[in-house]
Amino acid sequence: MLRLQKHLSLHLQDLLPVHRSASLIQLSLERALLSTAAATYSSPGHFAADDYLVSTCGLTREQAAKAAKWISHWKSSSHADTVLSFLTGPALGLSKADIRLLVAKDPRILSCSVDNTLRIRVDRFHSYGFSAAQIISFVRVAPCCFRTFNIDQKLGFWMPLLGSPDKFLRIVRRNLYLVTSDLDKVVKTNIRLLQECGLSVQECSTMCVANPRLLTGNPDTTRAILVRADEMGVPRNTFLFRQAVTAVASLGPETMASKLKMMAKILRCSDAEVARMVQRNPLVLTRSRERIQRACEFLTNVVGVDTKYIQDRPTILMYSLERRLVPRHYVMKVLLEKGLIRKDQSFYSMVTLSDNVFCSKFVHPHKDVLPSLADAYASACNGKIAT
């Protein structure tokens, strides 16, 4: 190497004009040496693992130092080159960024057999309906699991339950335990606990989308959640009980108690009144203090309803202030001013309608009298009317 360095140095001095700075000569020398070193990756009896991981796989020096122990005993990079060629080839099509992430999280991927492991795993993903793009999404979400998790066991269970690769990937992005939890001891036990409360398997699947840890968490935690849901006074075997479980699962006991006190303060009512309100819609507990307070202020100060009205209709707090409450009230106010609806028209009934039904009932029928109402309503839904 010293002879090579001396030779390159003398050669560069002959090629470069005399007026070039010494720094440019040194830079050219360093580039030439790196290029020569890169060529030695596959040379017999020598393999610079750190350099390979940095220059070929895109890892940082720090990442390479941690990963090198798994491949530093190799004599060449030929096997890793074959693996990378498959991963970036037409069968999968990983990008340089994907390779960097995958190798950094699981450097032993470079040791895999292409024919006996990687190709088979890709084919098994396809057999469960995954496209190449969806497999790449899984690699990005769970790079540490791509090589190791039991595809047939996990996907064989989750795909019939969840119904599609997209739904599976959406949940895995939020909860990697979907592919690491023990199915028999954890997941199936949690499903049985939920079924004992009257929930169907399909309802368990739906709840998993909203709160996946309900199925992948410790069964003792799930039992405690079900006890707290029971304490809310919502009957089992009802849709509201499912909502209660979802709400409780997302809130710790202290947070839930704090939310109840906060709502009693905002609505200026008793703890018992708040408890009855939550029984009507348990999911109201999942709304932030700011959203609840702003909605209550709008409803009482602008719409003109009292807090009892809100307590009896807690679902009204679930709607967006900017995209639902304000635009619907704007239309209601305009129609009242023109005498086009009754004065006793219920605001709540206008809020709960779907957008298509609302427009067909309260906007489109008045296009001759109020031709600009549709555009004004659309602008209000886009936040163009101040709250």
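Computed from a prediction, not measured in an experiment: that's the story for all the values here.

Procedures and definitions
Residues numbered from 1 in each chain as written. Predicted model: local features only at pLDDT ≥ 70, side-chain atom pairs only at ≥ 80, totals over all residues. Heavy atoms only, no water. Helix = DSSP H or I, 4+ residues; strand = E, 2+ residues; numbered from the N terminus. Contact = heavy atoms within 4.5 Å. Areas by Shrake-Rupley, 256 points an atom, 1.4 Å probe, with all protein chains shown as cover. Axes fitted to C-alpha atoms, helices over the stretch in contact; angles between N-to-C directions. Parallel < 35°, antiparallel > 145°, perpendicular 65-115°, else oblique. Left-handed = near helix turned anticlockwise from the far one by under 90°. Nonpolar A, V, L, I, M, F, W, Y, C, P; charged D, E, K, R; others polar. Buried < 20%, exposed > 50% of the residue type's maximum accessible area, 1.4 Å probe, protein only. Arc of directions from axis to C-beta. Expected span 1.5 Å × (residues − 1). Polar contact = N/O pair within 3.5 Å; in protein donor to acceptor, adjacent residues only side chain to side chain. Salt bridge = Lys/Arg side-chain N within 4 Å of Asp/Glu carboxyl O.

Trainee: Can you help me understand the overall build of the protein chain in this one?
Mentor: Check the secondary structure of the protein chain and you find 23 helices and zero strands. Contacts in the protein chain between residues far apart in sequence, at least 24 positions, make up 67% of those at least 6 positions apart. Here the protein chain has roughly 20600 Å² of accessible surface; of this, 52% comes from carbon and sulfur atoms.

Trainee: Sorry, what's going on with the environment of Val 114 here?
Mentor: In this fold, Val 114 is placed in helix H7 (residues 114-127). When the C-alpha atoms of Val 114 and Phe 86 are compared, they prove to be 7.1 Å apart, with 28 residues separating the residues in sequence. With near-sequence residues (within four places) excluded, Val 114 lies in contact with Thr 82, Val 83, Phe 86 and Arg 119.

Trainee: Would you explain the packing of helix H5 (residues 78-88) against H7 in this entry?
Mentor: Between two packed helices, what matters for the description is the angle formed by their axes and the separation of those axes. Interaxial distance between H5 and H7 falls to 11 Å at its minimum, and their mutual angle equals 15 degrees. For the element pair H5 / H7, the angle class is roughly parallel. The chirality of how H5 crosses H7 is right-handed. Between H5, through Thr 82, Val 83, Phe 86 and Leu 87, and H7, the contact on the second element is made entirely by Val 114, Leu 118, Arg 119 and Val 122.

Trainee: What am I meant to see in the packing of H7 against helix H8 (residues 132-141) here?
Mentor: One can describe the packing of H7 onto H8 by two numbers: an axis separation of 10 Å at closest approach and a directional angle of 115 degrees. One element, H7, and the other, H8, form an angle in the roughly perpendicular class. Our pair here, H7 against H8, has a crossing hand that is right-handed. Where H7 approaches H8, its residues Val 122, Phe 125 and His 126 are matched on the opposing element by Ala 132, Ile 135 and Phe 138. Considering only residue class, the contact of H7 with H8 consists of five nonpolar, one polar and no charged.

Trainee: Is there a simple way to think about helix H17 (residues 271-280) in this case?
Mentor: What sets the pattern is the α-helix's 3.6 residues per turn: residues three or four places apart point alike. Along H17, the residues classified as buried are Val 274, Met 277 and Val 278. Considered in projection along H17, the buried side chains sweep an arc of 95 degrees and stay on one side of the axis.

Trainee: Can you help me understand helix H9 (residues 151-162) in this one?
Mentor: Over its 12 residues, H9 runs 15 Å from end to end, which matches the ideal 16 Å to within 8%, given 1.5 Å per residue. What H9 keeps buried is the set Ile 151, Lys 154, Leu 155, Phe 157, Trp 158, Met 159, Leu 161 and Leu 162. In this structure, the buried residues of H9 make contact with H7, helix H10 (165-174), helix H11 (183-196), helix H12 (201-210) and helix H13 (213-216). N-capping of H9 is provided by Asn 150, with a side-chain oxygen placed 3.4 Å from the backbone N of Asp 152.

Trainee: Mind showing me how you'd approach the pattern of salt bridges here?
Mentor: If charged atoms from side chains of opposite charge come close, those side chains can pair. Within the structure shown, the criterion is met by 13 salt bridges. Arg 280 is the partner of Asp 312 in a salt bridge, and the nearest nitrogen-oxygen pair spans 4.0 Å. Residue Asp 312 is found in helix H19 (residues 307-312), and its partner Arg 280 is found in helix H17; the two are separated by 32 residues along the sequence. Note on Asp 312: relative accessible area 32%, which makes it partly exposed. Residue Arg 280 is classed as partly exposed on the basis of its relative accessible area of 41%. Across the pair Asp 355 and Arg 328 runs a salt bridge whose closest N-O atoms are separated by 3.6 Å.

Trainee: Can you walk me through the side chain of Asp 106 in this structure?
Mentor: With respect to the helices, strands and loops of the structure, Asp 106 is situated in the loop between helix H6 (96-105) and H7. By relative accessible area, which is 6% here, Asp 106 ends up buried. Look past the residues within four positions of Asp 106 in its chain and what remains in contact with it is Pro 143 and Arg 147.

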